[in-house]
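Observations on the three-dimensional arrangement
Residues per chain, in single letters:
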Amino acid sequence: MKILVTGGLGYIGSHTVVELQSAGFDVVIIDNLSNSKIEVLDKITQITGIKPGYFNFDLSNKTACEEFFSNNNNIDGIIHFAAYKAVGESVNKPLMYYRNNLESLMNIMDNMNIHNIANLVFSSSCTVYGQPDVLPVTEQAPRKQAESPYGNTKKMAEDIIQDTVYSSDLKAIALRYFNPVGAHPTALIGELPLGVPNNLMPFITQTAAGIREQLSVFGEDYDTADGTAIRDYIHVVDLAKAHIIAVKRLVEKNNKLDYEIFNIGTGNGYSVLEVVKSFERVTNTKLNYKIVGRREGDIEKVWANTDFANNELGWKAEKDIDEMTASAWKFQLALK
Ligand code: UD1
């Protein structure tokens, strides 16, 4: 079985390629290195002993996309990660986000129809729920007005996939990720943010490594036990494994509906200060942080109801918060 992984050199993509190869799949990657490094290809090869196929082009380029699919006609399924993901940047450059994230998806699906590739796994996000009214949030919760163009591209992409599935032979699974963190146990691959990180975990590890002076904890007046915001952090290796199960479900035709949606989280919420405490515990260090005001656009709390993924996919997150912080730190140390 051959699986195309778009964005396969990125953070979640690279971990998924490793798990796919370990499960016996042939993998071909398309990645234009817009937010990744070519060295990741060697790291994947080092971990698995198998060099995946690799193509460098922009999937929003219709001609390049058509050419790729015409020359590679033995693909059984596609896991589509390639997208821009910086929330703040998307507010300033909305057209760049809509064009890149949606045109690439539509180009891929056009070619899936032309070349009879039936199976698509899409990386969606819990961002589509906004601040849910009921926690833990289930897949049936209403999707709310997106807080950013980035969030809106995820919501629109889900709609585009759903409409296309109903009008064609395409089968799709959207995985709504909660907050992916951590790194591969080898510390060869992990999250490589460009510039100043926006996300909590890379900011913590870079602060501990002395690259950033201090972590700002955004807000302590939320309606939570310690006043800081709560998220459902999930180890990237657990998240990667969910993709292997999802793509197998499609290629083996075990899906129950042509379009299915699963929450992929642990089901546990941790506050910002609980993540900091876990980091301090596993690294036996003190982190330099200060409490500042809330960050615009942040929600108060969200964590997943994972019953559907647990029961229907037979998938469950296995790694706890301390394994997440420990592996993120191990990766940070290996970067030096
Ligand atoms: C954000 C996006 C989400 C995206 C995800 C991964 C929003 C509303 N959501 O999630 O759509 O999929 O990134 O890129 O933007 N925090 C600090 N200090 C920091 C950084 C973060 O206190 O320096 C806090 C935040 O306020 C939040 C938590 O840590 O409470 C997690 O933040 P972050 O890692 O940025 O993820 P989200 O904002 O949840």
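You'll find the structure just up there.
Residues numbered from 1 in each chain as written. Predicted model: local features only at pLDDT ≥ 70, side-chain atom pairs only at ≥ 80, totals over all residues. Heavy atoms only, no water.

**Focus on the pattern of salt bridges**
Taken as a whole and judged by the stated rule, the model has 16 salt bridges. With a closest N to O distance of 2.6 Å, E312 and K256 form a salt bridge. One end of the pair, E312, is in helix α10 (residues 307-313); the other, K256, is in the loop between α8 (236-251) and β11 (259-264), and 56 residues separate them in sequence. Overall, E312 belongs to the partly exposed group, its relative accessible area being 24%. In this structure, D322 engages R281 in a salt bridge whose closest nitrogen and oxygen atoms are separated by 2.8 Å. (Salt bridge = Lys/Arg side-chain N within 4 Å of Asp/Glu carboxyl O. Helix = DSSP H or I, 4+ residues; strand = E, 2+ residues; numbered from the N terminus. Buried < 20%, exposed > 50% of the residue type's maximum accessible area, 1.4 Å probe, protein only.)

**Some points on the environment of E103**
The topology assignment puts E103 in helix α5 (residues 94-114). Classification of E103 as partly exposed rests on a relative accessible area of 33%. Between the C-alpha atom of E103 and that of S60, which follows or precedes it by 43 residues, the distance is 5.1 Å. The contact partners of E103, leaving out residues within four places of it in the chain, are L59, S60 and Y98. (Contact = heavy atoms within 4.5 Å.)

**With respect to the packing of aromatic side chains**
Scanning all chains against the criterion turns up seven aromatic pairs. Where F55 meets F68, the ring centres are 5.0 Å apart and the plane angle is 80°; that geometry is what we call edge-to-face. Here F55, found in strand β3 (residues 53-55), pairs with F68, found in helix α3 (residues 62-71); they are 13 residues apart in sequence, far enough to count as distant. For F55, a relative accessible area of 32% gives the class partly exposed. Residue classification places F68 among the buried residues on the basis of a relative accessible area of 3%. Where F68 meets F69, the ring centres are 5.1 Å apart and the plane angle is 90°; that geometry is what we call edge-to-face. F69 matches F68 in its accessibility class, with the two residues each being buried. (Phe/Tyr/Trp six-rings, centres within 6.5 Å; stacked < 30°, edge-to-face > 60°.)

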